Amino acid sequence: MSAVFTVLVVDDDFHVADLHRRQVDEVPGFRALEPVGTLAAARSALSSTVVDLVLVDVYLPDGSGLDLLRSIDTDAFVLSAASDSGTVRRAMRSGALAYLIKPFGAGVLAERLQAYARSRNVLDERSTLDQEAVERAFRILHAGDSGGASPSRAATAALVLEQLVPGQERSAAEVATAIGVSRATAQRYLAQLAADGTVAMQLRYGAAGRPEHRYVRR
């Protein structure tokens, strides 16, 4: 059974907090607790409930959300209208895994949550990690950071291409496992790369059944 990640939204604007709660609940594998609007309420909730991820605003009635980040041992995203570089840098130093400037598009939070889940799956699949697994987890977590109209798509395509080494064939299933996406997603990006000539597709015939598509970087 797949893990379900519990999320706590911390925002003093009731309407915004409820919007983010609903967005979290719409992502498979995530469930949101009742939002809270102060640092004190957030600390109380975290002391009584196991939470995987906190979505916290910077500006709260009883202090800064960044103070909460520094005082808890829980993964956190900052969701704030604060866009000055100093605040963003302080959030990063305080341990924020992502920083979303409000208001943001309806699908942005969902994409970040999905990337978080894939990154966690990479980290949680074994107790001891090698360097490749660590780097893969970070790449997946920040897959939306490449810029452009469809940043997460461009980043996913780059991750797929990274798994292909000249002279070494790989299947869609192998690529999917390596970067933490579904086989269908890996297959789609591999087909696009084959269509534009970046990779070559070859068929490998087994003892029985349909031939397997294998991909190699040109």
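Refer to the structure presented above.
Keep in mind the model is a prediction, meaning the values are calculated, not measured. (Residues numbered from 1 in each chain as written. Predicted model: local features only at pLDDT ≥ 70, side-chain atom pairs only at ≥ 80, totals over all residues. Heavy atoms only, no water.)

J.: Lay out the overall build of the protein with the relevant residues and their values.
T.: Broken down by element type, the protein carries 9 helices and 9 strands. When burial is assessed residue by residue, the protein has 42% of its 218 residues classed as buried. For the protein, the proportion of contacts with a sequence separation of at least 24, taken over those separated by at least 6, is 51%. Of the roughly 11,600 Å² that the protein leaves accessible, carbon and sulfur atoms contribute 52%. A distance of 6 Å separates the average location of the 24 positive side-chain charges in the protein from that of its 26 negative side-chain charges. (Helix = DSSP H or I, 4+ residues; strand = E, 2+ residues; numbered from the N terminus. Buried < 20%, exposed > 50% of the residue type's maximum accessible area, 1.4 Å probe, protein only. Contact = heavy atoms within 4.5 Å. Areas by Shrake-Rupley, 256 points an atom, 1.4 Å probe, with all protein chains shown as cover. Lys, Arg positive; Asp, Glu negative; His and termini not counted. Charge placed at Lys NZ, Arg CZ, Asp CG, Glu CD.)

J.: Run through the side chain of Q23, naming residues and quoting values.
T.: By the element assignment, Q23 lies in helix α1 (residues 14-25). If near-sequence neighbours (up to four positions away) are discounted, Q23 is found in contact with F104, A106 and L109.

J.: Any details on a nonpolar patch on the surface? Residues and values, ideally.
T.: Taken together, the side chains of M201, L203 and Y205 present a nonpolar region at the surface, about 330 Å² in accessible area. Within the secondary structure, Y205 sits in the loop between β8 (199-204) and β9 (212-217). Relative accessible area serves as the criterion here: at 60%, Y205 is assigned to the exposed category. (Patch = residues over 30% accessible without salt bridge, like charges linked within 9 Å, V, L, I, M, F, W, Y side chains within 5 Å. Salt bridge = Lys/Arg side-chain N within 4 Å of Asp/Glu carboxyl O.)

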